[in-house]
Amino acid sequence: MSPNLSILLWLPAAAGLLGLLLPGRVTARVLALLGSAGALAYAVSAVVDFDRNAEGLQWVQDETWIRELGIHYKLGVDGVNLFLILLAAGLFTASIAWSATRVWEREKLFYFHMGLGHTAVLGALLAQDLALFVVFFDLMLIPFFFLTGIWGPPGTRIAAVTRLVIYTLVGSLLMLSAAIATAVLASQQNGTELTFVLSELEQVRLAEGSQGWIFLFFAAAFLVKMPLFPLHGWMPDGYRNMPLPVLAVFSGVLSKVAAYGFLRIALPLFPDAAVQFQDLMLVIALASTVARRSPALGSLIVSLPLVSVLSMIWLWREGATNEAMAGYVSGTFWFFLPSMPMFLIIPALLRRGITFWPALGIGCAVTIALYLITIAVAARFGLRIDA
């Protein structure tokens, strides 16, 4: 019997909602566990019944959701998301079973948020419509805001949630604007009606300029959730303030969903931009991995002038003359000098008790002022580095 993807998707949230409405703590606990276990059973069934010789999506459910905007309720399973679905269902079931070994304050609400988070994660993995993916990708964070803000350690949890909200809200806005732009530009370029269905968007190759900024917007949103340098500032406080069962699914599943977003969204829809920024992505991944073990070595990797070297190679391959290359390289040197004090000012302010964001703002303001001074002084000596 083929698995019904809608049952797999909505079963955990429905069980959590039923447990919230019915009387009794034990009822909520049992229903949450049964809902997650039922989703796990469906996931196992999908793995067993999956046809490895077939191409494309399997068990597709496609219904028009918002006709005027071309948004579909489209779900499907393929080799990219199959085992991630199994991982998500298994880890949520194990975490809820672990949670059931202790008594929680507002226990019914706790299990409701766990069920809602489970459904949202499955929705992001199953979605085959860009707008539907964005909805579930943002929805999966809302339960974790409450799980951390209500059941985290008193005294520090509010600050941790606030930082998490700021980072993820910016990422969500970038993703939403990028998704809308993708659908609108694809519709204009192809001369067709507006659609967010991924299989249809993949057939339209956007202009390289459009692909570049849209790819970076999606990348920023995914890097916040993974999290990776340089958008990982919320992680230390966020992880410390999550209850252990919540932390298990957040660190074990949500970061994987963000990485899955690159495979499902960024690479197929924006292939030219993926090639263009592949070196940048590799540097970010390397710096993030190394910095977790050795902050000094991570700083060394980030400080290497890889972007400058890659840009010089790109300009040369595009046919830049020797004079143009010389002007570019010398301009890079002169603009590098006024940026150096920022890396002394920010740590000095931090050591004097000033928090990160004001210290960063002061450092950036000083750098901008030094840029302007450098341009003015260079002009006095006949050096044109602003053009």
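To start, this report covers the structure provided alongside it. No experiment lies behind these values; they were computed from the predicted model shown.

About the cut-offs
- Residues numbered from 1 in each chain as written.
- Predicted model: local features only at pLDDT ≥ 70, side-chain atom pairs only at ≥ 80, totals over all residues.
- Heavy atoms only, no water.
- Buried < 20%, exposed > 50% of the residue type's maximum accessible area, 1.4 Å probe, protein only.
- Helix = DSSP H or I, 4+ residues; strand = E, 2+ residues; numbered from the N terminus.
- Salt bridge = Lys/Arg side-chain N within 4 Å of Asp/Glu carboxyl O.
- Core = buried A, V, L, I, M, F, W, Y, C linked by side-chain atoms within 4.5 Å.
- Contact = heavy atoms within 4.5 Å.
- Pairing = 2+ DSSP bridges.
- Axes fitted to C-alpha atoms, helices over the stretch in contact; angles between N-to-C directions.
- Parallel < 35°, antiparallel > 145°, perpendicular 65-115°, else oblique.
- Left-handed = near helix turned anticlockwise from the far one by under 90°.
- Polar contact = N/O pair within 3.5 Å; in protein donor to acceptor, adjacent residues only side chain to side chain.
- Phe/Tyr/Trp six-rings, centres within 6.5 Å; stacked < 30°, edge-to-face > 60°.

## Concerning unusual backbone geometry
Of note, W59 is a non-glycine position whose phi angle comes to about 55°, a positive value. Owing to a relative accessible area of 17%, W59 belongs among the buried residues under this scheme. The backbone of R106 sits at a positive phi, close to 50°, despite the residue not being glycine. Turning to its location among the elements, R106 is positioned in the loop between α3 (82-99) and α4 (107-126).

## Describing the pattern of salt bridges
Between side chains of opposite charge, pairing is possible as soon as their charged atoms come close. For the structure on display, the rule yields four salt bridges. A salt bridge links R25 to E107, with the nearest nitrogen and oxygen atoms 4.0 Å apart. Within this pair, whereas R25 is found in helix α2 (residues 25-49), its partner E107 is found in helix α4, the two being separated by 82 residues in sequence. A residue is classified by how much of its surface remains accessible, and E107, at 1% relative accessible area, is buried. The salt bridge involving R205 is made with D272; its shortest N-O contact spans 2.7 Å. With R205 in the loop between α8 (198-201) and α9 (208-225) and D272 in helix α12 (residues 271-276), this residue pair connects regions lying 67 residues apart in the sequence. A relative accessible area of 51% places R205 in the exposed class.

## Considering the nonpolar core
By size, the foremost hydrophobic cluster in this structure holds 81 residues, and its most contacted members are V121, F133, F218 and F222. Of all the elements, helix α11 (residues 244-269) adds the most residues to this core, at 13 residues. With near-sequence residues (within four places) excluded, F222 lies in contact with F133, F137, M175, A258, G261, F262 and I265.

## Comments concerning the pairing of strand β2 (residues 71-77)
Every other side chain in a regular strand lies on the same face of the sheet, so the side chains alternate between the two faces. The buried fraction of β2 is high, at seven of seven residues. Where burial is concerned, the two faces of β2 agree: the one with I71, Y73, L75 and V77 and the one with H72, K74 and G76 are both buried. Where strand β1 (residues 58-66) meets β2, six bridges bridge the pair, whose relative direction is antiparallel. Along β2, the bridge assignment pairs Q61 with L75. Following β1, the chain reverses through four residues before pairing antiparallel with β2; G70 in that reversal takes a positive phi of roughly 70°.

## Points about the packing of α2 against α4
In contact at an axis separation of 8 Å, α2 and α4 are set at 15° when each is read in the N-to-C sense. As the angle between them shows, α2 and α4 are arranged roughly parallel. Pair α2 / α4 crosses with left-handed handedness. On the side of α2, the interface is formed by R25, A28, R29, A32, S36 and A39, while α4 contributes E107, K108, Y111, H118 and L122.

## A closer look at the side chain of Q58
Of note, Q58 is situated in strand β1. Of note is the side chain of Q58, whose polar atom sits 2.8 Å from the backbone oxygen of D51. Those residues in contact with Q58 that lie beyond four places of it in its chain are L5, D49, F50, D51, G76 and V77.

## Some words on the packing of aromatic side chains
Going through the model one piece at a time under the given rule, you end up with 13 aromatic pairs. Here F133 and F222 contribute two aromatic rings whose centre-to-centre distance is 6.3 Å and whose plane-to-plane angle is 75°, an arrangement assigned as edge-to-face. Of this pair, F133 sits in helix α5 (residues 130-139) while F222 sits in helix α9, placing them 89 residues apart in sequence. Neither residue differs from the other here; F133 and F222 are each classed as buried. Between F137 and F222 the ring centres are 5.7 Å apart and the planes differ by 80°, which places this aromatic pair in the edge-to-face class.

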